[in-house]
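Here is how the chains run, residue by residue.
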Amino acid sequence: MINPDLVRADTVSVSKGEWQTVPLPTNKADWMQAVHTSLLPNGKVLIVNGSSNRNTLEKTETGNKFIDGVKGTDYAVVNHSALFDPKTSTFERIASPPAVQNGQSNDPFCSANVHLSDGNILFISGSNRYYPGEKFEGSKQTNLYNWQNKTWTTVGQLREGRWYPSPIALADGKLVIFSGLKFDKPNQITPSIEIYDPVTKKFQYIDLTYVENSPFNTKFTYQDNYIYNNQPVSRTIDAYDSIDLYPRVFPTADGRLLITGDGAGKFPLELHESNKTYLMSIKQDSLGKFSVSFEVGPDRKAISKVYGTGLLDPNYEGDVLLMGGLIGTNDINYGRPYLGSYNDGLKAKGVRIAQSLERWSSPKISGEPNGEWKIYPEYFDQPHAMNQAVILPTKQILAINGGEYGEYKAIHEPLLMTADKLSPGGYKTETMNPGKFPRLYHNNAILLPDARVLIIGGNPSRAAREENGTVHVDVLPDTQNYYTIPQLKDKSGNVVPFDLDKYYQAPDTYFVDGDTEPFVPAEIWQAEIFTPPYLLTSGLRPEIVTASEKLQYGKSSTISLKNATSTGSLVLIKLSSGTHSFDYGQRLADLKIENISADNSTINFTAPTNANLYPTGYYMLFYVNDIGKPSQAKIVKLEA
């Protein structure tokens, strides 16, 4: 393990993994959450928050007054960015993008962050302003972080605001940007895409309402069946489709993009519900103009969800997995005790949290021209929302973070998913040791180059910011006064003052009346690192001695190793770039080994050939030996 003295082990168990708590920065002004995270080619993690989902607190003679939102044009409000160095377990505060750009607000909160081919991170849109009623407008801004010189620039403005967008990288490094809330029009989704070309630094806008078979031109009827009060209930959904916010969209092997229907809708926005999926094709003519076309894909076996997660399956190339999520509502407060009978009213309407694993089998695997969907309704033993799925070098999946509800009842125990053809969904699961802190809304999980996993963030309520910059995390939503600073009690029922340092020592210290779960602060500022079991087993860890810094599609390359074995594997994992329970980067390419030297010290291999699934950019190259122990990664660039 790298620098074991820099972190504190909280649990030790070889078979169930190990947790360490990352020390907080010495300067409390540098404590922050982690709404947007990206692993950089230098191995550090970029953290960007913008305004951080906060309200304004005014202290008056009559008491506390909570005002919806904060002023995103104030640099002090949005300046919450940092770099985390896994080698030293330290945070470095860095400058944030300017709060005003092009004469407009430039708050990267609720943007989307994605790698360009050169390793720089492009942040798309963000919050133009907080609108009364917890509504939002999307900005037209872009912010580009240069990972080599730590500077911010812009690549120009979008044509439309895109709060909660999804950028999908194409084979040649271009980006297709889906969805988002419009500029200057609160809570209106734009029915369009924009395609960004990093070479020309230009965007092209395409209105999807005029494209045949697009979701916006597709009407459907679906019968949603569920159980309420132990009785079967059915409701009919009859509507035109759309594309949700932060839509879960994936590249396919043939270059089309799969629109799954899942997303991250935002209350009080109208709910997106559909069992339809779509495959979008993109063409570019000789003059550089793009056009798109749609095929209605196979129907899913269940209704779409929000705030579940999804990923490209590391064991079945081209397949897509969807895990968990909220069904029937955009209200991520659902399930919290303070809502009382409101929760039961939602349940009566079919609102629930999924336990399911869904699989889209690619045309290559399913034999169907547009693939096919399968569902495993009770794959998880408890509901999951705000969850993450991290691809590991061993081709296992770490299902981690989130809760039984979106902002309540955190799930502390990760599940290690291991490929198994005899298990439902193609994966058997094993429960790992529990983490220390609740990781609900706005959490992230990132595979590090040392093969450990950084766990960071968590934001179940809006923190409150005073004009002088003081931030209160001991707050809760309140049905009467919007928000409140609650009276906290210890386990014995004694009233006690809130002490953040004490909370980080013992997260089950505080309680509020009417809730048996421990009180969770509005923002979790302390990170953890999870060491999977593969690094705790006995035996030498393999080491990559030399490897090419650049790989070319379909070309052979050589790697030299120490402590390698006669059988093993080489994999590429694209650098993580995540927000809102979705990672726009990670995917795993299993590399073809052509030859192994007699002493196992040299391997010849072939780089991936499919740029649709594995677009140009930076990847972690791991070697995994015959007992499943990975090396530290060598970060390489895959290019044409």
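All of these numbers come straight from a predicted model, not from anything done at the bench.

### Considerations on the overall build of the chain
So, step 1. The number of helices and strands found in the chain is four helices and 54 strands.
So, step 2. On C-alpha atoms alone, the chain measures out to a radius of gyration of 24 Å, which is about the 26 Å that the 2.2 N^0.38 rule sets for 640 residues.
So, step 3. Viewed in the frame of its principal axes, the chain has a C-alpha envelope of about 80 × 60 × 55 Å.
So, step 4. Scored against the burial criterion, the 640 residues of the chain give a buried share of 61%.
So, step 5. Of the contacts made within the chain by residues no fewer than 6 positions apart, 60% connect residues no fewer than 24 positions apart.
So, step 6. Accessible area for the chain stands at about 24000 Å²; split by element, carbon and sulfur atoms hold 47% of it.
So, step 7. When the 61 basic and 69 acidic side-chain charges of the chain are each reduced to a single mean position, those positions are 3 Å apart.

### Let's talk about the packing of aromatic side chains
So, step 1. Per the counting criterion, the structure on display carries 27 aromatic pairs.
So, step 2. Taking the centre distance of 4.9 Å and the plane angle of 55° together, the rings of Tyr130 and Phe136 count as tilted.
So, step 3. On the basis of relative accessibility, which here comes to 8%, the residue Tyr130 falls in the buried class.
So, step 4. A ring pair is formed by Phe136 and Trp163, whose centres lie 4.4 Å apart and whose planes are at 15°; its orientation type is stacked. You can see Phe136 sitting in strand E14 (residues 135-138) and its partner Trp163 sitting in the loop between strand E16 (151-153) and strand E17 (166-169), a full 27 residues away along the chain. There is no split in this pair, since Phe136 and Trp163 are both buried.
So, step 5. Counting every residue linked through ring pairs, the aromatic cluster contains Phe109, Tyr130, Phe136, Trp163, Tyr164 and Tyr246.
So, step 6. The ring centre of Tyr205 lies 4.1 Å from the NZ or CZ of Arg159, which sits over that ring.

### Describing the confidence of the model for the chain
So, step 1. Here the chain averages 96 in pLDDT, and 98% of its residues register 70 or above.
So, step 2. In this model residues 1-11 is a low-confidence stretch, pLDDT under 50, and it forms 34 contacts with partners more than four residues away in sequence or in other chains.

### Observations concerning the layout of surface pockets
So, step 1. Roughly 580 Å³ of internal volume is contained in the largest pocket.
So, step 2. Forming the boundary of the largest pocket are 30 residues, of which Leu476, Val512, Asp515, Pro518 and Phe519 lie nearest the centre.
So, step 3. Here the lining of the largest pocket takes three residues from strand E41 (residues 476-478), the largest share from any one element.
So, step 4. When grouped by side-chain class, the residues that make up the lining of the largest pocket number 16 nonpolar, five polar and nine charged.

### Remarks on the sheet that holds strand E54 (residues 634-639)
So, step 1. Ordered in space as E45-E54-E53-E47-E50, the five strands form an open sheet in which the pairing is mixed. Since the sheet does not close on itself, it has two edges, and those belong to strand E45 (550-552) and strand E50 (588-590), each with one partner. This sheet shows a mean twist of 35° between the axes of neighbouring strands, independent of strand direction.

### Thoughts on the sheet that holds strand E52 (residues 602-606)
So, step 1. Spatial strand order, E44-E46-E52-E51: four strands in an open sheet with antiparallel pairing. Looking along the sheet, the strands with just one partner apiece sit at the ends: strand E44 (543-547) and strand E51 (592-596). The sheet shows a mean angle of 35° between the axes of neighbouring strands, taken without regard to direction.
So, step 2. As paired elements, E51 and E52 share four bridges and run antiparallel to each other. Note on E52: the bridge partner recorded for Asn595 is Asn604.

### Let's talk about the environment of Phe183
So, step 1. Here Phe183 is to be found in the loop between strand E18 (175-178) and strand E19 (192-197).
So, step 2. The spatial distance from the C-alpha of Phe183 to the C-alpha of Thr260 is 25 Å, given a sequence separation of 77 residues.
So, step 3. Beyond its immediate chain neighbours, meaning those up to four positions away, Phe183 contacts Gln104, Asn128, Gly138, Ser139, Lys140, Glu160 and Gly161.

### Comments concerning the side chain of Asn443
So, step 1. Examined against the element boundaries, Asn443 turns out to sit in strand E37 (residues 443-447).
So, step 2. Classification of Asn443 as buried rests on a relative accessible area of 1%.
So, step 3. Not counting chain neighbours up to four residues away, the residues in contact with Asn443 comprise Met386, Gln388, Asn401, Gly402, Ile456, Gly457 and Gly458.

### Some points on the pairing of strand E43 (residues 528-531)
So, step 1. The side-chain alternation of E43 yields two buried faces, one formed by Glu528 and Phe530 and the other by Ile529 and Thr531.
So, step 2. Two elements, strand E2 (residues 18-21) and E43, share four bridges in a ladder whose sense is antiparallel. Of the residues in E43, the one forming a bridge with Glu18 is Thr531.
So, step 3. The pairing of strand E38 (residues 453-457) with E43 spans three bridges and is antiparallel. The residue bridging Leu454 from the neighbouring strand is Ile529, located in E43.

### Looking at the pairing of strand E20 (residues 202-207)
So, step 1. Where E19 and E20 come together, six bridges link them in antiparallel fashion. Its bridge partner being in E20, Asp197 is matched across the sheet by Lys202.
So, step 2. Here E19 folds back onto E20, and the loop between the two strands holds four residues, one of which, Lys201, carries a positive phi near 55°.

### Looking at the side chain of Ser581
So, step 1. With respect to the helices and strands, Ser581 occurs in the loop between strand E48 (577-579) and strand E49 (582-583).
So, step 2. For Ser581, the residues in contact, after removing those within four places along its chain, are Arg248, Gly308, Thr309, Met386, Asn387 and Gln388.

The rules behind each value
Residues numbered from 1 in each chain as written. Predicted model: local features only at pLDDT ≥ 70, side-chain atom pairs only at ≥ 80, totals over all residues. Heavy atoms only, no water. Helix = DSSP H or I, 4+ residues; strand = E, 2+ residues; numbered from the N terminus. Rg over C-alpha atoms; globule rule 2.2 N^0.38 Å. Buried < 20%, exposed > 50% of the residue type's maximum accessible area, 1.4 Å probe, protein only. Contact = heavy atoms within 4.5 Å. Areas by Shrake-Rupley, 256 points an atom, 1.4 Å probe, with all protein chains shown as cover. Lys, Arg positive; Asp, Glu negative; His and termini not counted. Charge placed at Lys NZ, Arg CZ, Asp CG, Glu CD. Phe/Tyr/Trp six-rings, centres within 6.5 Å; stacked < 30°, edge-to-face > 60°. Lys NZ or Arg CZ within 6 Å of the ring centre and 35° of its normal. pLDDT = per-residue confidence, 0-100. 1 Å grid on protein atoms, 1.4 Å probe; cavity = no way out; pocket = protein on both sides within 12 Å on 5 of 7 lines; lining within 4 Å. Points joined across faces, edges and corners; volume = space filled by probe spheres on them. Nonpolar A, V, L, I, M, F, W, Y, C, P; charged D, E, K, R; others polar. Pairing = 2+ DSSP bridges. Axes fitted to C-alpha atoms, helices over the stretch in contact; angles between N-to-C directions.

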